[in-house]
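# Working through the structure, step by step
One letter stands for each residue in the lines below.
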Amino acid sequence: MKIKPLCLITATLLLTNSTFADETLEPITVISTNKTPQSIKDTTSQVTVITAEEIEENGYQTVSQAISTVAGISVNHAGGLGQSTSFFVRGADSGKVLVLLDGMRLNDPSTTNGTALLESLTTSNIERIEIIKGGSSSIWGSNASAGVINIITKGAKDGLHGSLALRYGSYTTKGADADLMYKDEKITAQVIASYLKTNGFSALTPRSAEDDGYENKNYTIKLGYAFDTYNKIDIHYNRIKTKTEYDDSFSAQHANDDYSHATSDQSNIALDYYFTLDNYSAILHASKGKYNRDYYTTGFYGDGHNVYKATLKEYTFTNAYSYTNGKAVLGLEYKDIDGFNQYNTFPKSQADYSNKAVYLSNTYNINHNTLLETNLRYDNYSTFNNKATYKIGLKHHHDFLEGFTTSANYYTSYDAPSSYQLANTIFGTSLKPSYTKGFDISADYKKLLSITYFNNKVEDSIDYDMTNFGYYNVSGKSKFSGLELSGSYAVASLNLNLSANYTHLFKYKKEDGTNLVRRAKDTINAAIDYYTDTNTHFGINAKYIGDRVDTDGGYPVASNVSTGNYTLWNLNFGTKIMKNLDVSIHAKNIFDKEYQSVYGYATEGRAIYAKIKYSF
């Protein structure tokens, strides 16, 4: 009965009829569907874009907070800011989701499943977040069987511009963001920096135990030079350094563990050369990512030091040709991945491999109303079996009801083992990539209502054997299916915007038929936003998490425990107090709800955060 008010709000928002005037919207262009700029209307993929305005209005401090409001995505936090974060897209774990920063891969090969560490990604100076749901390996290769998240940082504007923002809030959270940018006909230059620090609260329950703090330093340098109308070059460098205090669940001090801590240092650098001539364009891309993490613990057997390091080098050559009825893309790709982990002075566990790939993509307008999208990719690996993946998509705009479209996609995808998994297999066992087959079917009516059904099956999933102490490929198939509904409604006369989405998982089963843990069966997000004529915004939003189970961590037999069935409410306020000065205040979990998204780990109570930003 507790969820009835939120369910009624959501149903109202999703089922509202179209009585408002049509809005003329700027076409939205993304680059995540085929590695080239593409209008959302020219792809059959399911695309969601989170804008900088939405990030500011809702006070999202991290990327994980921002994406958690998207239909089909759920996020779990093992504590507060900076603590370990896991996320799921349509039930699939984060190792099956490729995360990019301006096209540079952030997935860390030294992690247990090749995931990107979202807890390290703050939202300072993000222009937009592009989210592609559904198998995308036919363009991007490994780590994209569930989707792609591409984080785009803000670009330079003509002339000299900059901004400085200061923030402060609960748990002694403080931060600063600064950027300085310049652009003329030839040169673009940007320096972006952010700092975030919090005393936090205890990672393990109870929340009131010893605090576990966090510090994040992030800076980006972007340089560009246009030789002429046809030739341009960009250099992009990003570095993220973090310090995290956490609670070791095996420590005798448990929630009062005041020693366990971790550091991370991740850097990515990319060089891009762009050539454009009439309908042809080409991009030469070279990038390198370095991932370093250290974890320090102490216990009955003394001090422990775990080291994880990985390097990823990538080179791509993307060619695109636009013709009367569509666009064709041909890409060549090479990646070199190596990594190792080591505990104290024990021997290193190390693995490396290389990957060569070629892919073709074509979008073709069969007629004015019907779009056909096809992708084909072949990957050659030095260590395990080669893979071919493909996608076929169809989208149709219906004349009988303006603004009504339907689409369907069938795709195959794969996920290669991470370097950590390869280095820690069961003795005498060789790993191979997991393989996904799936489809989604969607119907959309303007921005009022969107409904999508998805169905995915995964073969040869990679899991850890607690008895033989190593990774192996699981026999059988894991199965995922569900329904996503989303909608928004603008009441122009009242300056109101209503939005909501609902996700229901029909299946999220392991190979043995049991349900996977930490996935919510039902998730609802709802928001009401009010805008005045004086650049002031008021907002209220809510999230409902339905049935969800976790394990209690028992060994050798773990028991299931419930971590679901709760609702969180937040308030947002923002205003422009003068031409170049903005202030925002965000109240989180206003009813101070006690809940756990990961069993045994604390979550944020009632909290308030404020930010002031000056721009020129």
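No experiment lies behind these values; they were computed from the predicted model shown.

Tallying secondary structure elements over the chain gives five helices and 36 strands in all. Along the first, second and third principal axes, the C-alpha set of the chain runs to 70 × 55 × 50 Å. Out of the 616 residues in the chain, the part that is buried amounts to 54%. Long-range pairs, those at least 24 residues apart, make up 59% of the contacts in the chain between residues at least 6 apart in sequence. Here the chain displays about 27900 Å² of accessible surface, and carbon together with sulfur accounts for 57% of that area. Averaging the positions of the 58 positive and the 64 negative side-chain charges in the chain gives two centres separated by 2 Å.

Here Thr405 lies in strand β23 (residues 404-415). Owing to a relative accessible area of 12%, Thr405 belongs among the buried residues under this scheme. Beyond its immediate chain neighbours, meaning those up to four positions away, Thr405 contacts His396, His397, His398, Ser442, Ala443 and Asp444.

A word on the confidence of the model for the chain. Across the chain, the average pLDDT comes to 93, with 96% of residues at or above 70. Here residues 1-5 scores under 50 on pLDDT; set against residues more than four positions off or in separate chains, the count is two contacts. Taken together, the stretch residues 8-25 has pLDDT below 50 and engages in 30 contacts with residues farther than four places along the chain or on a different chain.

One open sheet accounts for five strands, arranged β3-β9-β10-β7-β8; its pairing is mixed. A single partner strand is all that each edge strand has here, and the edge strands are β3 (46-51) and β8 (104-105). Alignment of strand β7 (residues 97-101) against strand β10 (residues 147-153), held across five bridges, turns out to be parallel. Bridged to Leu101 within β10 is Ile151.

Bringing the pairing of β7 into the picture now. Judged by how many residues are buried, β7 sits mostly within the fold: five of five residues are covered. Residue alternation in β7 divides its side chains into two sets, Val97, Val99 and Leu101 and Leu98 and Leu100, and both sets are buried. Direction of pairing for β7 relative to β8: antiparallel, over a ladder of two bridges. The partner of Leu100 across the bridge, within β8, is Arg105. As consecutive antiparallel partners, β7 and β8 are separated by two residues, and within that stretch Asp102 has a phi angle of approximately 50°, a positive value.

Here strand β11 (residues 159-169) runs beside strand β12 (residues 173-183); their pairing, made up of 11 bridges, is antiparallel. From the neighbouring strand, Leu164 faces β12, where its bridge partner is Ala178. Here β11 folds back onto β12, and the loop between the two strands holds three residues, one of which, Tyr171, carries a positive phi near 60°. A loop of three residues connects β12 with strand β13 (residues 187-201), the two strands running antiparallel in sequence.

The next point concerns the environment of Thr514. Take Thr514: it is sitting in the loop between β29 (496-509) and β30 (522-531). The exposure class assigned to Thr514 is partly exposed, which follows from its relative accessible area of 38%. Expressed as a C-alpha distance, the spacing of Thr514 and Ile132, which sit 382 residues apart in the sequence, is 28 Å. If we skip the residues at most four places from it in the chain, Thr514 touches Tyr508 and Lys509.

What follows concerns the environment of Tyr219. Relative to the assigned elements, Tyr219 resides in strand β14 (residues 212-226). Residue classification places Tyr219 among the partly exposed positions, given a relative accessible area of 33%. A C-alpha to C-alpha distance of 37 Å links Tyr219 and Gly553, two positions 334 residues apart in sequence. When neighbours within four sequence positions are excluded, Tyr219 is seen to be in contact with Ile192, Ala193, Tyr237, Asn238 and Arg239.

Where charged atoms of side chains with opposite charge meet at close range, the side chains can pair. This model, assessed by the stated rule, comprises 24 salt bridges. Salt-bridge contacts for Arg105 lead to Glu333; the nearest nitrogen and oxygen are separated by 3.9 Å. On the criterion of sequence distance, the pair formed by Arg105 in strand β8 and Glu333 in strand β19 (residues 326-343) is long-range, its members being 228 residues apart. Overall, Glu333 belongs to the buried group, its relative accessible area being 5%. As a salt-bridge pair, Lys432 and Asp460 come within 3.8 Å of each other at their nearest N and O atoms. Taken as a pair, Lys432 in the loop between α5 (419-423) and β24 (434-445) and Asp460 in the loop between β25 (449-459) and β26 (462-465) lie far apart in primary sequence, 28 residues in all. Under the relative-accessibility criterion, Lys432 is labelled partly exposed at 35%.

Cut-offs applied
- Residues numbered from 1 in each chain as written.
- Predicted model: local features only at pLDDT ≥ 70, side-chain atom pairs only at ≥ 80, totals over all residues.
- Heavy atoms only, no water.
- Helix = DSSP H or I, 4+ residues; strand = E, 2+ residues; numbered from the N terminus.
- Buried < 20%, exposed > 50% of the residue type's maximum accessible area, 1.4 Å probe, protein only.
- Contact = heavy atoms within 4.5 Å.
- Areas by Shrake-Rupley, 256 points an atom, 1.4 Å probe, with all protein chains shown as cover.
- Lys, Arg positive; Asp, Glu negative; His and termini not counted.
- Charge placed at Lys NZ, Arg CZ, Asp CG, Glu CD.
- pLDDT = per-residue confidence, 0-100.
- Pairing = 2+ DSSP bridges.
- Salt bridge = Lys/Arg side-chain N within 4 Å of Asp/Glu carboxyl O.

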